[in-house]
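Breakdown of the fold
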Amino acid sequence: LAASVGLSFLSSSFAQEEDPSDWIWTCDDLTPDLCDLSSPEEGTVEVRGLNIYYRRYRAVKSASSPDKAPIVVIHGGPAQSHDYLLSLKQQACRGRDVIFYDQAGCGRSDWPSLESDLDKDYPWLVDPSYYANLELPAVLDHLGVSDRYHIFAHSWGAVLAQLHALDDKPPGLVSMTLSGPMTDARIYNAAQLDEEDGTVTQLPPFVQKRLLALEATEAYHTDEYIAIDGLFSVMFTSLTVGTSVIPDCCQDTFERTNWYLYDRLWGPSEVRISTDAALYGVRTTDRLKEIKYPVFVTSAKWDLMTPKVIKPLLDNLPHSEYHMFMKSAHASALDEPGPTNDLLSDFVGRMESSGVDGLRSASS
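The structure reproduced in this document is the subject of the present report. (Residues numbered from 1 in each chain as written. Predicted model: local features only at pLDDT ≥ 70, side-chain atom pairs only at ≥ 80, totals over all residues. Heavy atoms only, no water.)

A few points about the state of the cysteines
The final tally for this structure, using the stated rule, is two disulfides. The disulfide bridge from Cys-27 ends at Cys-249, spanning 1.7 Å between sulfur atoms. Across the S-S bond of Cys-27 and Cys-249 the torsion is about -50°, and the bridge reads as left-handed. Here Cys-27, found in helix H2 (residues 27-30), pairs with Cys-249, found in helix H9 (residues 248-255); they are 222 residues apart in sequence, far enough to count as distant. A sulfur-sulfur distance of 2.1 Å marks the disulfide that ties Cys-35 to Cys-93. As the torsion about the S-S bond is roughly -90°, the Cys-35-Cys-93 disulfide counts as left-handed. Residue Cys-35 is found in the loop between H2 and strand E1 (41-47), and its partner Cys-93 is found in the loop between strand E3 (71-74) and strand E4 (98-101); the two are separated by 58 residues along the sequence. Look at Cys-93 and you get buried, because its relative accessible area is 16%. (Disulfide = S-S within 2.5 Å. Helix = DSSP H or I, 4+ residues; strand = E, 2+ residues; numbered from the N terminus. Buried < 20%, exposed > 50% of the residue type's maximum accessible area, 1.4 Å probe, protein only.)

Here it is in structure tokens:
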């Protein structure tokens, strides 16, 4: 009853003052301490016949220093744009260049033509190593930052960052921040059903029952499955997006997602990675000890990347520290942009001044 009265009061207040349907949330609004940044530098670099779009926010001169290496942001998805991570441009206010780019086949980068056969004409777009070992280095070289840079990588992007570090062993990489990472699709899939801290097991019992029944028959395109998968995504992808108002940068990402390519790389369900998807075959757990760079691993309380998904990284990375965001789902840069920027700035600064000796113990 108290809740009903409260909601009634709020509704009447809104009706008197403004129409909530007119509200527009911007990611600039969500990002605290955002300075007046000039328009970013924008351009493209051609990789295998497709133009890769990038934008670069230059460091504010009053805070800049030649000691501050740029941060290169690798978006997740797969096949989604970088827009939802734009809160990280706040790093430019702290005197550091920030570079965003869209991977081939999505966002503002070139997409394969509708008439093309992806497997025949663009087979590399369903190969994670292309994004990690060809596209990313091409962007770094084109922008002239390959001699010294940090990486911030989210979700699918964090897998690409691991492959970049493992296979390329880039001499200019100073540090990596892996936000909501994973190492093995099999671990991810099993973790969602874990009785202790799985995501699916936090859903209402009947919803769990229907979800598993629909998955058993691969009924991914039914209205019922789409509705349940949507609930799952809202609960564990972004608490901010779970409101009735979707921030502009996130809406831009939704509109620039290549859902066909997403299905080929991940699969049709957010709940599990399909066994025939490209990501299913990528496994880095046994190789993590080869990564000699300092790594900042982060996840969130309501994350798709549950503690059991994160554990292999914390157990095997030789030089790492960890933080759990307590008010976020998977997209912590969207849910908690202030703390995300604070922690990122602190980490890269320490790694530049002290290297792995500057690492701290886990925090939350």
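So much for the structure itself; the text now carries on.
Points about the pattern of salt bridges
Applying the stated criterion to the full structure yields 23 salt bridges. Between Arg-287 and Glu-290 there is a salt bridge, with the nearest N and O atoms lying 3.8 Å from each other. Relative accessible area serves as the criterion here: at 27%, Arg-287 is assigned to the partly exposed category. Judged by its relative accessible area of 38%, Glu-290 is partly exposed. As a salt-bridge pair, Glu-321 and Arg-350 come within 2.8 Å of each other at their nearest N and O atoms. Here Arg-350 lies in helix H13 (residues 337-354) and Glu-321 lies in strand E8 (residues 320-329), a separation of 29 residues in the sequence. The residues Glu-321 and Arg-350 share a single accessibility class, namely buried. Counted as one network, the salt bridges with shared partners bring together Glu-41, Arg-56, Arg-58 and Asp-97. (Salt bridge = Lys/Arg side-chain N within 4 Å of Asp/Glu carboxyl O.)

A closer look at empty space enclosed by the protein
Per the stated rule, a full pass over the model turns up one cavity of 30 Å³ or more. For the largest cavity, the full set of lining residues is Phe-152, Thr-177, Ser-179, Phe-296, Thr-298, Phe-325, Ser-332, Thr-340, Leu-343 and Leu-344. Taken together, the elements giving at least two residues each to the lining of the largest cavity come down to strand E6 (173-179), strand E7 (295-302) and H13. Take the lining of the largest cavity: its biggest share by element is three residues, from H13. Residues of the lining of the largest cavity, tallied by class, amount to five nonpolar, five polar and no charged. (1 Å grid on protein atoms, 1.4 Å probe; cavity = no way out; pocket = protein on both sides within 12 Å on 5 of 7 lines; lining within 4 Å. Points joined across faces, edges and corners; volume = space filled by probe spheres on them. Nonpolar A, V, L, I, M, F, W, Y, C, P; charged D, E, K, R; others polar.)

What about the side chain of Ser-299?
Residue position: Ser-299 is located in strand E7. A polar side-chain atom of Ser-299 sits 2.5 Å from a polar atom in the side chain of Tyr-322. Look past the residues within four positions of Ser-299 in its chain and what remains in contact with it is Met-305, Ile-310, Tyr-322, His-323, Met-324 and Phe-325. (Polar contact = N/O pair within 3.5 Å; in protein donor to acceptor, adjacent residues only side chain to side chain. Contact = heavy atoms within 4.5 Å.)

Observations regarding H13
For H13, with 18 residues, the first-to-last C-alpha span of 25 Å sits near the 26 Å given by 1.5 Å per residue. Among the residues of H13, Pro-337, Gly-338, Thr-340, Asn-341, Leu-344, Phe-347, Val-348, Arg-350 and Met-351 are the ones counted as buried. Immediately downstream of H13, the backbone of Gly-355 shows phi near 60°, a positive value. (Expected span 1.5 Å × (residues − 1).)

Some thoughts on the layout of surface pockets
Roughly 760 Å³ of internal volume is contained in the largest pocket. Counting only elements with at least two residues in the lining of the largest pocket, the list comes to helix H8 (223-236), H9 and helix H10 (259-265). For the lining of the largest pocket, the per-class residue count stands at 17 nonpolar, 13 polar and three charged.

Some remarks on helix H4 (residues 128-142)
Compared with an ideal rise of 1.5 Å per residue, which puts 15 residues at 21 Å, H4 spans 21 Å between its outermost C-alpha atoms and is within 8% of the ideal. Glu-135 marks where H4 bends most, by close to 30°; the proline Pro-137 follows one to four residues later. All of the buried residues in H4 are Pro-128, Tyr-130, Tyr-131, Ala-132, Glu-135, Leu-136, Pro-137, Ala-138, Val-139 and Leu-140. Where H4 terminates, the next one or two residues include Gly-144, which has phi positive at roughly 70°. (Bend = angle between axes of the 7 residues up to and from the residue.)

Let's talk about the sheet that holds E3
Strand order in this open sheet of eight strands is E1-E2-E4-E3-E5-E6-E7-E8, and the pairing throughout is mixed. On the outer flanks of this sheet lie E1 and E8, each paired with one strand and no other. Sheet twist, expressed as the mean angle between neighbouring strand axes with direction ignored, is 20°. Relative to the sheet, helix H11 (residues 307-316) contacts E6, E7 and E8, its axis offset from that of E7 by approximately 160°. (Pairing = 2+ DSSP bridges. Axes fitted to C-alpha atoms, helices over the stretch in contact; angles between N-to-C directions.)

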